[in-house]
Structures are given as structure tokens and as C-alpha cells.
Amino acid sequence: HEVAWEQLELPARAKVRGRKGGSGTSRTSTRTPNLEVARDGDRVVVQSRRLNAEFDFSSGILQRLVHTNTNTNETPLISEGPKLHLWRAPMDNDGIQALNFDQGKPLDRWKRYGLEDLQLNVTSTKLIRGRDGSVNVGMTHEALNADGVTGIEHKQQWLFEPGGGLILRYRVRIPKDFDDLPRV
């Protein structure tokens, strides 16, 4: 199912602004001809002429993605996320939620898997500057149910290209015994 689709032209020529770190902070800044990367502890900012992305490595979540036009007007594209959600409101065909017994329906399996309240636990983050001037921001999560287990792995890779392009690769690994998931 297609949820959304949008393409934006993202020019890459940038004004490079330096950043200075204060004492006691772990700040670094790297510039390529088209991209600027700044890291302050768990906060990572990738900026081009028309695009500004801010990530929080402690949660492994994009905090904001903003497009700036030639008049320096900012247009928010994403305010937070994307985040993994595998739950949707069940329909009668899935099983009736108010019934507290096993109906032999998909809803019973979804509840056993713990999909209604998954919590994302960041397991790794990466920030890689490519030789071609690209910047790769990667975040991996383990999705945990109320029992603290599921085996679901969730990966996001944000590739900022030197020419202004942005590619998001999103992968979710589901355990084989989760043989019936909600269509979200």
C-alpha cells in the first residue's frame, strides 16, 4: 500500500557556516563543498543550501527536516520521524477488540506479538562522510513489546548526496514466526 509520495528539488550549492564548540562539549564540524555536518553530543545536523536535517542519536530519530527556498523561508517537511508502527485499528474481520478470549482471528496473533505498543530502542547509530562528499546517517532500532522482546529490527539510512539529493532507505526485519501482520 502506498501511503505517501512526494519529490522535491533540493539544490546543493551551500553557504558554509562554521560552528564552534564550547568547553566540555563534544562538537565537531565537517564541511564538504555542498554539505555541512555538525555534531554536538547526540545531536547531528546535516545542512545544504536548501535542506536542514537534525537527528537525535540518543533516540535514533530524525527531529526535523526543513526545506529553505532562495528567500530563506523555511518549509517544514518532517517534524519528527518516521517511526516504526506495525499496529492499526482492527476491523471486525480481524477480530473484535472488546472480546477477551481467543477468537482464532488475526487480532489475537497481533496481540500475542505485542504489536499494539512497540517501543523503539536504539541499538546503533552511524555518521559517515563519503569520499564523494556524501553524508550517510544511519540508525538501527530494536522494536520491543511490553515483555521486552520481539526480534523486530528497524533500520533507517539517510543518504545526503553532494548534488543535493536525499535518499532514505528503510528496512524492517520481522521474525519468521510473525506470520500475520496488520496491513498498515
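A brief report on the enclosed structure follows. Every value quoted in this text rests on a predicted model; they were computed, and no experiment measured them.

Below, the discussion takes up the environment of G138. You can see G138 is positioned in strand β8 (residues 135–144). Residue G138 is classed as buried on the basis of its relative accessible area of 7%. Along the chain, G138 and S124 lie 14 residues apart, while their C-alpha atoms are 8.0 Å from each other. Contact partners of G138, with chain neighbours within four places excluded, come to S124, T125, K126, Q156 and Q157.

A few words now on the pairing of β8. Within β8, nine of the 10 residues are buried, which leaves it mostly tucked inside the rest of the structure. Across 10 bridges, strand β7 (residues 119–129) lies against β8 in antiparallel orientation. From the neighbouring strand, L120 faces β8, where its bridge partner is A143. Counting the residues that bridge the hairpin from β7 to β8 gives five residues, and of these G133 lies at a positive phi of roughly 95 degrees. Sheet topology places β8 next to strand β9 (residues 152–160); nine bridges connect them, and they run antiparallel. Counted as the bridge partner of T140 is K155 from β9.

Parameters and conventions
Residues numbered from 1 in each chain as written. Predicted model: local features only at pLDDT ≥ 70, side-chain atom pairs only at ≥ 80, totals over all residues. Heavy atoms only, no water. Helix = DSSP H or I, 4+ residues; strand = E, 2+ residues; numbered from the N terminus. Buried < 20%, exposed > 50% of the residue type's maximum accessible area, 1.4 Å probe, protein only. Contact = heavy atoms within 4.5 Å. Pairing = 2+ DSSP bridges.

Purely spatial values, then, with no claim about function.
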